[in-house]
Amino acid sequence: GATAVHGQVQKRLFDGEAPTLHRLKGDKYSHHYGAQKRNAPNYQWLAPYLATGVLSMMLVFFVAVPIWFTTSYESSKRQYEAFAKNNRELLDTQFDRGQFSSRNR
């Protein structure tokens, strides 16, 4: 599944030999800061789990949260309309001029 696809992409991009123009033979520049660490332990095994976590959080944020917010919309709307009806005088004095004034309606 997804792990196999990730493994193929990882192998194609990072594990295979680089094109000849970008290839550095040996550890010629290993003493410089930022040089590639050959034979160093890496965390490539963690990448599929991180990607899955990020995609899951995006799914929750963009799909589940809006659905969750709209489930209580009707009851909130009823409560607000009841509040506006019961406190019409107070709200009219608060918005007695400007775009929210009921005189303009």
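What you see is a predicted model, and the numbers here were worked out from it, not measured in a lab.

Draft legend 1. The overall build of the protein chain, seen in detail. Regarding its fold elements, the protein chain presents four helices and zero strands. By element, 61% of the accessible surface of the protein chain is carried by carbon and sulfur atoms, the whole surface being about 10,300 Å².

Draft legend 2. Structural detail: a nonpolar patch on the surface. A grouping of Val54, Leu55, Met58, Leu59, Phe61, Phe62, Val63 and Ile67 is seen on the molecular surface, where their side chains present a nonpolar patch of about 840 Å² in accessible area. The residue Phe62 is located in helix α2 (residues 47-71) in this model.

Draft legend 3. Focus on the packing of aromatic side chains. Taken as a whole and judged by the stated rule, the model has two aromatic pairs. Ring centres of Phe61 and Phe62 lie 5.0 Å apart, and the angle between their planes is 85°; this geometry places the pair in the edge-to-face category. Like Phe61, the residue Phe62 is exposed in the burial classification. Between Trp68 and Phe69 the ring centres are 5.1 Å apart and the planes differ by 40°, which places this aromatic pair in the tilted class. When its relative accessible area of 58% is taken as the criterion, Trp68 is described as exposed. Residue class for Phe69 comes out exposed when judged on its relative accessible area of 56%.

Draft legend 4. Representation of the confidence of the model for the protein chain. Summing up the model confidence of the protein chain, the mean pLDDT is 79 and the portion of residues at 70 or higher is 77%. Ranking the elements of the protein chain by mean pLDDT puts helix α4 (residues 88-94) last, at 75, and α2 first, at 91.

Draft legend 5. Highlighting the side chain of Gln10. Counting through the fold element by element, Gln10 comes out in helix α1 (residues 2-15). Discounting residues that sit within four places of it in the chain, Gln10 has contacts with Asp15 and Gln44.

Draft legend 6. Local environment of α1. Taking 1.5 Å of rise per residue, 14 residues should cover 20 Å, and α1 covers 18 Å from first to last C-alpha, within 8% of that figure. Little of α1 is tucked away: one of the 14 residues are buried.

Criteria and thresholds
- The numbers attached to residues start from 1 for each chain and follow its sequence in the written order.
- Owing to the predicted nature of the model, reporting of local features is limited to residues with pLDDT of at least 70; listing and counting of side-chain atom pairs is limited to 80 or more, with chain, interface and lining totals taken over all residues.
- Water and hydrogen atoms play no part in the side-chain values, which are based on all heavy atoms of the structure.
- We count a stretch as a helix when DSSP gives it H or I for four or more residues in a row; a strand needs E for two or more, and each element gets its number in order from the N terminus.
- Using a 1.4 Å probe, the Shrake-Rupley method yields the accessible areas, and only the shown protein chains count as cover for residues.
- To count toward a patch, a residue needs a relative accessible area above 30% and no salt bridge. Like charges then connect within 9 Å, nonpolar side chains (Val, Leu, Ile, Met, Phe, Trp, Tyr) within 5 Å.
- What makes a salt bridge here is a side-chain nitrogen of Lys or Arg within 4 Å of a carboxyl oxygen of Asp or Glu, nothing more.
- Pairing of aromatic rings covers Phe, Tyr and Trp, the last through its six-membered ring, and needs centres within 6.5 Å; plane angles under 30 degrees mean stacked, over 60 mean edge-to-face, and all others mean tilted.
- Each residue gets one of three labels from its accessible area relative to the maximum for its type: buried under 20%, exposed over 50%, partly exposed in between, using a 1.4 Å probe on protein chains only.
- The quantity called pLDDT is the predictor's confidence in a given residue, expressed from 0 to 100.
- Only heavy atoms matter for contacts: two residues are in contact if any of them lie within 4.5 Å across the pair.
- Expected span of a helix, by definition, is 1.5 Å for each gap between consecutive residues, and there is one gap fewer than residues.

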